[in-house]
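Analysis of the macromolecular model
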Amino acid sequence: MDNHMDAQQEQKFHQMTETPVSRLICRLALPCVISMLVTSFYNMADTFFVGMLKSNSATGAVGVVFSLMAIIQAVGFFFGHGSGNFISRELGKQNYEEASNMAATGFFAAMAAGLLICLLGQLFLEPLAMLLGSTATILPYTKAYLQVILFGAPWMTSSLVLNNQLRYQGSAAYAMVGITSGAVLNIALDPLLIFTFRLGVAGAAWATIVSQFVSFCLLLAGCARGGNLHIHISRVQRKLPYYVQIVRGGLPSLARQGLASVATICLNRAAGPYGDAAIAAMGVVQRIMMFGGSAMIGFGQGFQPVCGFNYGAKLYQRVKDGFGFCVKSSTVFLLAVSTLGFIFAPQLIALFRDDPEVIEIGTKALRFQCATLCLSGWIVMTNMMLQTIGKTAGATLIAMSRQGIFFIPLVYILSHTLGLTGVEAAQAALWAQRSVALMSGKGCPEATGAPSMRCRAVTSSPRLTGVSGAGTVIQSRSRTYSTASAYQGASLAVKAAQALSTRAAPRSWDSSQKPMPPRPSSRANAAFSAMEAASS
């Protein structure tokens, strides 16, 4: 690398390791938050404009294909976070050669994976559409939308790698330009292709992949500026250790995003017996909740490069300070968002589909999810921190628990016991269940870095009391509980959300009230005591 490049990277190193943590995270988070909000907005754009076709089947098709897009994103995040985590730690060690090699390796591997998804998807288009949860009436719309989306898989996966690599280098502004430019173009193309050119639901898909290609080109150009690592095919490595590092850093993202797709498929299948309106409603709610949580995720993305750089530089106190700051800030923000979402749930659903049945089902599901949304900040920030510092086992376990270990059985149990209400409540119960499990020790790493079945529960504000080269310890002033308490948390969440959903209406809601995390009842405390006694 030339001297100019070295000087820019040296300056970036001092910035990442010396600037006050809270100010640095906020500065890096701002473009990430904007990128996430805009991305979520243009993800909702397809649902919004397709909803104007006045067809529950067309709206349902967009929700069904969303699970396939989540798989494509999972692959992109796998290579993007896997390579990006390694890059940020190596830059923290000022090892620029290894970081450049990893940047090229992660990028081209993701492009190859995207091409494979495209080819396999086109070969098995109809079976794939049915697997994703299409009904007979939704299937024609699903095939039309899905076929086009698959063509964009290679640059969708690659652009996610470039976006994450730029973020982990502390260049979130370049990533923001690429993402927001594509988003604005998508919003402009949607009505043009859907209505003017009369392409219908396929027009929404073409708008998505064209805008994704523009983002890809801009992100690739951003890698050649501002002291960022350049992407050269000559730097692609075939050595196994590079791919091991990608797996270590990217496996939690693959588990999180991949199982999110599986969870969406399960949700669509559980909603299927209640008609196209139920599938359409749950698809709309997913998009709204993704938009509501995107700012929180963007804030966490601002923390990740700070975490990686300082962990690589062995400045562990800065890692601890950054984690605590992000957990507190995200929880306060989500409390405000969930309150607004609960109050205006019918109006939000009606923006996307004015069908009375869709609004009724969607309103109830959205209020369920708003009741427990504030718990997600603690879960997501813990997952991001463990992933960034290379604690693969703990981060993967947390990611799998959220959408796989808990949700997949939960959605089937609730749908069979509570009917449509169980489908509507499943995601809300998941957040409560996952939060209690994490606080009780499921996925909470001990000082050895290995996942532990027991950890100190967090009953007030979580406190990261130890970060070292060996791992992390999260503690508070409380007793040790078994992870079986997760199911108690799920039950409490369903009961609390049901009560809120049936008693409250937008007209009578007191805006001073805010939905709070479910608090353990006396029965729960008795169960905790019994489990503690059994484990001692």
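Residues numbered from 1 in each chain as written. Predicted model: local features only at pLDDT ≥ 70, side-chain atom pairs only at ≥ 80, totals over all residues. Heavy atoms only, no water.

Attention shifts here to a nonpolar patch on the surface. A surface patch of nonpolar side chains, amounting to about 530 Å² of accessible area, comprises F151, L192, F197, L199, W206 and V210. Among the structural elements, F151 can be located in helix α6 (residues 139-151). On the accessibility criterion, F151 (37% relative accessible area) is partly exposed. (Patch = residues over 30% accessible without salt bridge, like charges linked within 9 Å, V, L, I, M, F, W, Y side chains within 5 Å. Areas by Shrake-Rupley, 256 points an atom, 1.4 Å probe, with all protein chains shown as cover. Salt bridge = Lys/Arg side-chain N within 4 Å of Asp/Glu carboxyl O. Helix = DSSP H or I, 4+ residues; strand = E, 2+ residues; numbered from the N terminus. Buried < 20%, exposed > 50% of the residue type's maximum accessible area, 1.4 Å probe, protein only.)

In this section: the side chain of S338. Here S338 lies in helix α12 (residues 316-343). A polar contact of 3.0 Å, which involves the side chain of S338, links it to the backbone oxygen of L335. (Polar contact = N/O pair within 3.5 Å; in protein donor to acceptor, adjacent residues only side chain to side chain.)

With that out of the way, let us pick up unusual backbone geometry. Even without being a glycine, K54 presents a positive backbone phi close to 60°. Its place among the elements puts K54 in the loop between α2 (21-51) and α3 (56-92). For K54, a relative accessible area of 54% puts it in the exposed group. A positive phi angle, near 55°, is found at R198, a position not held by glycine. Tracing the backbone shows R198 in the loop between α8 (172-196) and α9 (201-222).

Inspection of the secondary structure assignment puts N101 in helix α4 (residues 96-123). Using a relative accessible area of 9% as the deciding quantity, one classes N101 as buried. Separated by 129 residues in the primary sequence, N101 and H230 have C-alpha atoms spaced 9.5 Å apart. Here the side chain of N101 touches R235 through a polar contact of 2.9 Å, side chain to side chain.

Now for the pattern of salt bridges. In the structure shown here, the tally under the stated rule is 6 salt bridges. In this structure, E97 engages R235 in a salt bridge whose closest nitrogen and oxygen atoms are separated by 3.0 Å. Highlighted residues: E97 in helix α4 and R235 in the loop between α9 and α10 (240-271), separated in sequence by 138 residues. Here E97 falls in the partly exposed class, since its relative accessible area comes to 42%. As a salt-bridge pair, E126 and K143 come within 3.3 Å of each other at their nearest N and O atoms. Of the two residues, E126 is situated in helix α5 (residues 125-131) and K143 in helix α6; the sequence distance between them amounts to 17 residues. In this structure E126 comes out as partly exposed when scored by relative accessible area, which is 39%. The class of K143 is partly exposed, set by a relative accessible area of 27%. One salt-bridge network, in which partners are shared between bridges, spans K54, R353 and D354.

Reading predicted coordinates in detail is not appropriate for stretches of low pLDDT. Here the protein chain shows a mean pLDDT of 80. Residues at 70 or above account for 78%. Scored below 50 in pLDDT, residues 442-494 makes 143 contacts in the model with residues more than four places away or belonging to other chains. Low pLDDT, under 50, characterises residues 500-536; the stretch is placed with 48 contacts to residues that sit more than four places away or in other chains. (pLDDT = per-residue confidence, 0-100. Contact = heavy atoms within 4.5 Å.)

Turning next to the packing of aromatic side chains. Going through the model one piece at a time under the given rule, you end up with 10 aromatic pairs. Measuring from ring centre to ring centre gives 6.3 Å for F323 and W378, while their planes differ by 65°; the resulting arrangement is edge-to-face. Remark: W378 occurs in helix α15 (residues 376-388) and F323 occurs in helix α12; sequence separation between them is 55 residues. Classification of F323 by relative accessible area gives buried; the value is 1%. The exposure class assigned to W378 is buried, which follows from its relative accessible area of 5%. Every member of this aromatic cluster is reached through a ring pair, and the members are F107, F108, W155, F213 and F216. Taking NZ or CZ as reference, R167 lies 5.2 Å from the ring centre of Y168, over its face. (Phe/Tyr/Trp six-rings, centres within 6.5 Å; stacked < 30°, edge-to-face > 60°. Lys NZ or Arg CZ within 6 Å of the ring centre and 35° of its normal.)

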